[in-house]
Structure formats: structure tokens, C-alpha cells
Amino acid sequence: MSMVQDVRIAKRTGFCYGVREAVDKAKEAADAGKLTHTLGQVVHNEGVVAGLNARGVVSIASLEEAEGGSTVVIRAHGVTPAVRESAAARGLDVIDGTCSWVIAEQKQLQRLVEDGYTIVLLGTPNHPEVVGLLGIAPDAIVVDEEEDWDSIPRRKRMALITQSTQPPWKFERLAARMVHLAHELKIVNTVCPVTIRRQEDTVETAREVDFMVVVGGRSSANTKELTRLCEIVGTPVMQIEHARDLVDPAVFGEARLVGVTGGTSTPIEDLELVAERILDMAGTPGAQARARELAFEALNAAATPAGRTTSLPVNPRISAQAAHEGRLGRSERDAGSGPAAAATVPASAPAAARAAR
Ligand code: SF4
């Protein structure tokens with residue numbers, strides 16, 4: 001029986017500032033008429049990638065695919081120094097979209113290498129950020145889940161550093177474990193504050209609702225962590241990648257209020273689409289009739305300037321043409337490339353939003 005009366009979107013969701021900046025840099029380069037590539041998909045989200053494609057941005061898997069003289073945007077989680085050098089040697093115009101937090105993390109890691117520490121890196125093997133960090137510290141010992149930790153050797157001088165999106169509790173637990181393994185232990189806490197805030201706001205929402213939907217990449221560590229936290233709170237939870245993954249209204253059981261949150265690579269407008277879909281498929285007749293409106297209200301209640309998907313001004317030429325051709329999803333249309341851009345900012349905060357642009 002359909003019982004959902006309303007939806008709530010967690011605050012401070014949407015792109016983190018690092019992802020937003022990298023996406024915007026790619027858009028700006030393409031809009032300036034440059035032949036623009038991103039090295040790997042700038043974000044694993046179909047709507048965003050489609051929007052970039054519509055602007056002429058093409059993702060490439062390796063530098064060999066880039067035409068000489070073209071522009072290559074480095075993603076938020078950075079690359080190895082060798083990739084950077086190779087791009088320069090090929091005469092490519094490199095736009096560095098590496099997040100400022102990751103740049104700081106790379107510099108701190110470089111110092112640990114120079115100071116001769118045995119370095120333990122908490123992170124997901126093969127994650128782009130970890131691959132980039134290993135380019136700086138090739139001998140670092142990468143560990144992820146707790147069962148890996150027994151492999152950490154005992155050394156006189158050790159240092160611990162982490163991939164930005166690892167859960168803080170895991171970092172703290174590993175730090176405590178390593179106290180017993182070294183005579184001198186240096187702990188560099190590089191857990192990103194955005195990750196911490198996202199987790200706090202998700203827990204807050206999960207406590208207030210009857211059911212949670214977490215939106216993000218299936219293999220994304222920070223998305224999985226949000227799901228785990230909802231489970232710890234004791235709220236039934238479902239993790240999906242897209243609104244279309246919601247197909248069975250029965251999953252919501254007798255839930256009346258449903259919360260929605262998302263990973264740092266998920267645009268906030270995708271959360272609005274999910275909210276609308278929940279109401280459409282599992283809402284009471286009254287909620288179904290107002291699904292669009294209620295989802296929009298939930299978005300406005302949650303959106304902050306920090307949760308915006310873009311910091312770029314409106315580009316009417318791109319949006320009008322692309323919308324006409326049906327090439328953009330709603331998230332792209334609403335996200336600063338079309339007249340509906342203001343929809344991502346609460347009506348109560350227009351001045352703050354303008355100031356942040
Ligand atoms: S999660 Fe944090 S460190 Fe990683 S790209 Fe986003 S803002 Fe930067």
C-alpha cells in the first residue's frame with residue numbers, strides 16, 4: 001500500500017566543491033572553444049557526462065587519445081606526477097581540476113616521503129586518488145578494510161595518511177592500532193571535511209525519517225559509508241544509482257516520511273528526481289498528485305550555495321540549443337546552464353548564492 005506522504009533531502013548534499021570545480025573547469029574550457037577532454041570521466045554520473053558531451057567535452061581513458069594541442073582537464077582526485085609530465089611533454093594544454101584539499105594532501109605526503117617515514121595509506125586500492133598518491137609515495141603500504149591491517153609491519157618511524165573520502169572512524173581506529181607498531185608515529189588527518197559533514201547530515205536525516213534512499217556510485221566508498229551509517233541509526237535504507245532503479249513501491253513498506261541523501265559525485269538535482277520518483281510510485285494519492293511540487297520543496301529546503309552543482313553563470317546559448325535537442329537531463333538544465341538554475345538555491349538565500357558565484 002502506498003503510504004509515503006513526504007520526502008526530505010539531506011542538507012549540504014550535491015557535488016562537493018572539488019568535483020564542482022573540476023566539472024566547471026571542463027565546461028569553461030569547452031565554452032571557450034577549446035577541444036576539451038577529461039582524463040577519465042570527471043564524475044561517474046550519466047546526466048553530468050551527457051551534459052558535458054553536449055558541450056563538446058570528450059572523456060579519454062589515456063593521454064594517447066588526446067589530439068596534440070587539445071586541452072585536458074585533470075579530475076578532482078588528481079593524477080600522478082608522471083601523468084602530469086607526460087601531458088606537458090605531449091604539448092597538451094593541461095587544466096588542473098585537482099581539488100585544493102587533494103593538492104594539500106599530496107604535498108603532505110611528499111613531505112613524509114622526504115622525511116623518510118614508512119608510510120601507511122588508508123584508501124581503496126585503484127581509486128584514482130590513491131593511484132595519484134602512490135605516484136608520489138610508491139612504497140606506501142595501502143590498506144583498506146580492517147582485515148588488511150594485520151599486514152602492516154612494525155617499523156621505527158611510521159606515518160599514517162588517508163584518502164580524503166575514508167570514514168573518520170576508520171581512520172581513528174587505524175591510528176589507534178598503529179600506535180603499537182611504531183616507536184615514532186606521525187598521523188596526518190586528510191579526511192575531507194565535506195565527507196564528514198555529509199555523514200553528519202545523513203545521520204541527522206536518517207534519525208528523522210522512516211526510510212532512507214542513498215544515491216551514488218555502486219562502488220563509491222563514501223556512498224557505501226552513508227548507507228552503513230543509516231543502518232547504524234536503525235533506519236531501513238536502500239542504495240541506488242539512479243531514480244530509475246526504484247521500481248518496487250513495496251520496499252518502502254509503511255514508511256510515511258522518506259529521506260534522500262547522496263555521495264559527493266551526485267548532483268543535488270538527481271536527489272530531487274529520486275524524491276519525485278519515490279512520491280510518484282509509493283506516495284499516497286495526495287502525495288502522488290503533488291510529487292513534483294513536494295520534491296521541489298524538499299530540494300529548496302536542502303539546497304545551500306555549497307550544494308550547488310555549478311558555480312558558472314548561466315550560458316543561455318548552450319542550454320537553449322541542448323535543451324531543444326533533448327540532450328540534457330534535468331540536472332544539467334537546472335544546474336546553471338539554463339534559466340532554471342535558481343531552482344537549486346533556496347528562495348531564502350539568493351544573496352548568499354549570488355555572493356558565492
Ligand atoms: S571529497 Fe573533498 S577532497 Fe575529495 S574532491 Fe571532494 S572536496 Fe575534494
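What you see is a predicted model, and the numbers here were worked out from it, not measured in a lab. Here the residue index of a chain counts from 1 through its sequence in written order. Confidence filtering applies because this is a predicted model: local features only for residues at pLDDT of at least 70, side-chain atom pairs given and counted only at 80 or more, and all residues used for totals across whole chains, interfaces and linings. To obtain the side-chain values, all non-hydrogen atoms of the structure were used and water was disregarded.

A. Geometry of unusual backbone geometry. One non-glycine residue, Arg-12, lies in the positive phi region at around 55°. By the criteria applied, helices consist of DSSP H or I runs no shorter than four residues and strands consist of E runs no shorter than two, each listed in order from the N terminus. One can find Arg-12 in the loop between strand E1 (6-9) and helix H1 (17-31). To sort residues, take the accessible area from a 1.4 Å probe on protein chains only and compare it with the maximum for the residue type: under 20% means buried, over 50% means exposed, and anything in between is partly exposed. We classify Arg-12 as partly exposed; its relative accessible area is 33%. Phi is positive for Asn-126, which is not a glycine, with a value near 75°. Its relative accessible area of 72% is what places Asn-126 among the exposed residues.

B. Here's a closer look at empty space enclosed by the protein. Think of a 1 Å grid over just the protein atoms. A cavity is a set of points where a 1.4 Å probe fits yet cannot get out, a pocket is an open set with protein on both sides within 12 Å along at least five of seven lines, and lining residues have an atom within 4 Å of a point. Grid points are joined across faces, edges and corners, and a volume is the space filled by probe spheres set on the points. Tallied over the entire structure, the rule returns three cavities of 30 Å³ or more. Estimates place the volume of the largest cavity at around 130 Å³. Considering the residues around the largest cavity, the lining is formed by 15 residues, among which Cys-16, His-77, Cys-99, Ser-164 and Cys-192 are closest to the centre. Listed by contribution, the elements that provide at least two residues to the lining of the largest cavity are H1, helix H4 (100-114) and helix H7 (193-208). With three residues, H1 is the largest single contributor of residues to the lining of the largest cavity. Put simply, Ala, Val, Leu, Ile, Met, Phe, Trp, Tyr, Cys and Pro go in the nonpolar bin, Asp, Glu, Lys and Arg in the charged bin, and everything else, Gly too, in the polar bin. Residues belonging to the lining of the largest cavity are distributed by class as follows: nine nonpolar, six polar and no charged. The calculated volume of the second largest cavity comes to roughly 50 Å³. Residue assignment for the lining of the second largest cavity shows that the elements contributing at least two residues are helix H2 (46-55) and strand E3 (58-60).

C. Examining the packing of H7 against helix H8 (residues 221-233) more closely. With their axes 9 Å apart at the nearest point, H7 and H8 run at an angle of 40° to one another. Between H7 and H8 the crossing geometry is right-handed. Contacts from Arg-198, Gln-199, Thr-202, Val-203, Ala-206 and Arg-207 in H7 reach Glu-225, Leu-226, Leu-229, Cys-230 and Val-233 in H8. Grouping the constituent residues of the contact of H7 with H8 by class yields six nonpolar, two polar and three charged. In this analysis, axes come from line fits to C-alpha atoms, helices being fitted only over the stretch in contact, and the angle between any two N-to-C directions falls in the range 0 to 180 degrees. For any helix crossing, the convention is left-handed if the near helix is rotated counterclockwise from the far helix by under a right angle, and right-handed if that rotation is clockwise. We call two residues in contact when some of their heavy atoms are within 4.5 Å.

D. Broad picture of the environment of Glu-293. Position of Glu-293 among the secondary structure elements: in helix H11 (residues 291-302). Here Glu-293 falls in the partly exposed class, since its relative accessible area comes to 41%. Remark: the alpha-carbon pair of Glu-293 and Glu-276, spanning 17 residues in sequence, is separated by 8.4 Å.

E. Representation of the site of the ligand. Proximity is defined per residue: any heavy atom of the residue falling within 4 Å of a molecule or strand makes that residue near it. Around the ligand, a shell composed of Cys-16, Tyr-17, Gly-18, Ala-76, His-77, Cys-99, Trp-101, Val-102, Ser-164, Thr-165 and Cys-192 is seen. Listed by contribution, the elements that provide at least two residues to the shell around the ligand are H1 and H4. Here the residues of the shell around the ligand sort into seven nonpolar, four polar and no charged.

F. Quick look at the pattern of salt bridges. The term salt bridge refers to a pairing of a side-chain nitrogen on Lys or Arg with a carboxyl oxygen on Asp or Glu at a separation within 4 Å. Enumeration over the complete set of coordinates arrives at 18 salt bridges. The residue Glu-293 makes a salt bridge to Arg-290 at a minimum N-O spacing of 3.0 Å. On the accessibility criterion, Arg-290 (36% relative accessible area) is partly exposed. Close ionic contact of Glu-297 with Arg-290 constitutes a salt bridge, the shortest N to O distance being 3.7 Å. Assessed through its relative accessible area of 41%, Glu-297 is described here as partly exposed. When salt bridges that share partners are traced, they join Asp-144, Glu-145 and Lys-170 into one network.

G. Quick look at the environment of Glu-114. One can find Glu-114 in helix H4. Sequence spacing of Glu-114 and Ala-137 is 23 residues, and the spatial spacing of their C-alpha atoms is 9.7 Å.

H. Structural context of the packing of aromatic side chains. Whether two aromatic rings pair depends on their centres lying within 6.5 Å, for rings of Phe, Tyr and Trp, where Trp uses its six-membered ring; planes under 30 degrees apart make the pair stacked, over 60 edge-to-face, and the rest tilted. Following the criterion strictly, the structure yields one aromatic pair and no others. Note on geometry: a ring has a charge over it if NZ (lysine) or CZ (arginine) is within 6 Å of the ring centre and within 35 degrees of the ring normal. Its guanidinium or amino end placed over the ring of Tyr-117, Arg-157 lies 4.2 Å from that ring's centre, counting from NZ or CZ.

I. Spotlight on the layout of surface pockets. As a volume, the largest pocket reaches approximately 890 Å³. As for the largest pocket, its lining consists of 41 residues, of which Val-43, His-44, Asn-45, Gly-217 and Ser-265 are closest to the centre. Of all the elements in the fold, those that place two or more residues in the lining of the largest pocket are H2, H8, helix H9 (268-282) and helix H13 (330-334). Looking at the lining of the largest pocket residue by residue, the classes come out as eleven nonpolar, 23 polar and seven charged.

J. Focus on the side chain of Thr-71. Looking at the secondary structure, you find Thr-71 in strand E4 (residues 71-74). Side chain to side chain, Thr-71 and Asp-93 meet in a polar contact 3.0 Å long. Apart from residues lying up to four places away in sequence, Thr-71 is in contact with Ala-29, Lys-34, Leu-35, Thr-36, His-37, Asp-93 and Ile-95. A 3.5 Å cut-off defines polar contacts: any pair of N or O atoms within that distance qualifies, except that in protein one atom must be a possible hydrogen donor and the other a possible acceptor, and neighbouring residues in sequence count only when both atoms are side-chain atoms.

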